[in-house]
Amino acid sequence: FDNQDVLIYFNNQFVPLRDANVNILTHGLNYGTGVFEGIRGYWVPEEEELFLVRCEDHYHRWKANCRILEIDPPKSAEELTEITAELVRRNNFKTDIYVRPLSYMSSARVGVRPDGQHSFAIAAIPFGVYIDSSKGLHAGVASWRRVEDQALPARGKICGAYVNSVLATTEAHYHGYDEAILLNQNGHVAEGSTCNIFMVRHGKLITPPPSDNILEGLVRDSVITLARREMHLDVIERSIDRSELYIADELFFTGTAVEVAPITMVDHRTVGCGNIGFVTGHIRELYTQATRGRIADYHAWLHPAYQA
Ligand code: PMP
């Protein structure tokens, strides 16, 4: 991202991105001791409004995850949401955006043991399509296993844990896949490198439970709600075997960045009929409409940045 004039929230101030820098010895940079979030905001021109999607829920998750590392930002989810809306207004964003809150151990010295110093920042930047999934993605099972809760909790959205995602996504690209699917140490399907996974089998929607070493995704949660309430589908949280990927009727990823992304090939095998499936297509449309404020029942998911 090359616009260094964009304002970000750093050390309790709104400063240009070029001035928001850290010392090279920063604990978080050397040891991965940070916790981050990813939030989307969608600009809806006909309403002259930018909707932050489940912003408070993201901040609640952030604050909960920060407790794992004991680096909780000293503000409430409501205050953090208001700061985010203020960032949108100060930057006068009239485009889709991505918001990146980051909380980290900020002492600049050598030594792993934390000394209680932490800091946080919230950056917001213009952001469009993360990965073009309009024709479906080709996913491949990674040789890297998902990090385990006993070692580095995947649910924590901890910076250092994303080395696992980087290894898997790099390998996936070497193999010509669009995205990786990581198995956990038990051999069950966990998730993609930056997204959760869903499978349709026998008319039911199935997704791995949190205890299978997944991040407890908010799009995952929204999709479960939409599938149950709008499509009256059975949604089941249970472990998924690798071989089920090969016989699934439909597969898709969910995540703030990827949104709802159909998987039409997995390990070089065609998923279902090879096109975007009925359930996937329907959920994708519902998610798009709900996050642009076009379904009244889901307005509570949206925080309008300008008219708040
Ligand atoms: N899993 C991982 C590893 C992720 O990084 C993300 C992105 N935050 C997700 C799943 C999806 O989570 P969400 O729907 O909250 O964006």
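The structure presented is a predicted model; accordingly, all values stated were derived computationally and were not measured. (Residues numbered from 1 in each chain as written. Predicted model: local features only at pLDDT ≥ 70, side-chain atom pairs only at ≥ 80, totals over all residues.)

1. With respect to the domain arrangement of the protein
Much of the literature gives interface size as the accessible area that the parts lose upon coming together. Each domain of the protein was delimited in the assignment, giving domain 1 (7-126) and domain 2 (137-291). Relative placement of domain 1 and domain 2: their C-alpha centres are 26 Å apart. At the interface, 20 residues of domain 1 touch 10 residues of domain 2. Broken down by element, the residue count for the side of domain 1 that touches domain 2 peaks at five residues, all from helix H2 (residues 55-69). Residues that form the side of domain 1 that touches domain 2 fall into these classes: nine nonpolar, seven polar and four charged. (Domains from an automatic or database assignment. Contact = placed C-beta atoms within 7 Å. Helix = DSSP H or I, 4+ residues; strand = E, 2+ residues; numbered from the N terminus. Nonpolar A, V, L, I, M, F, W, Y, C, P; charged D, E, K, R; others polar.)

2. Comments concerning the nonpolar core
Val223 and Leu251 are the most contacted members of the largest nonpolar core, which totals 82 residues. Both domains that meet at this core, namely domain 1 (7-126) and domain 2 (137-291), each give it at least three residues. In this structure, Leu251 is in contact with Ile197, Met199, Leu245, Ile263, Val266 and Val271, ignoring residues within four places of it in sequence. (Core = buried A, V, L, I, M, F, W, Y, C linked by C-beta atoms within 7 Å. Buried ≥ 20, exposed ≤ 12 C-beta atoms within 10 Å, placed from the backbone.)

3. A short note on the environment of Tyr246
Its place among the elements puts Tyr246 in helix H6 (residues 242-247). With 24 residues separating them along the chain, Tyr246 and Thr270 place their C-alpha atoms 7.9 Å apart. Beyond its immediate chain neighbours, meaning those up to four positions away, Tyr246 contacts Val266 and Arg269.

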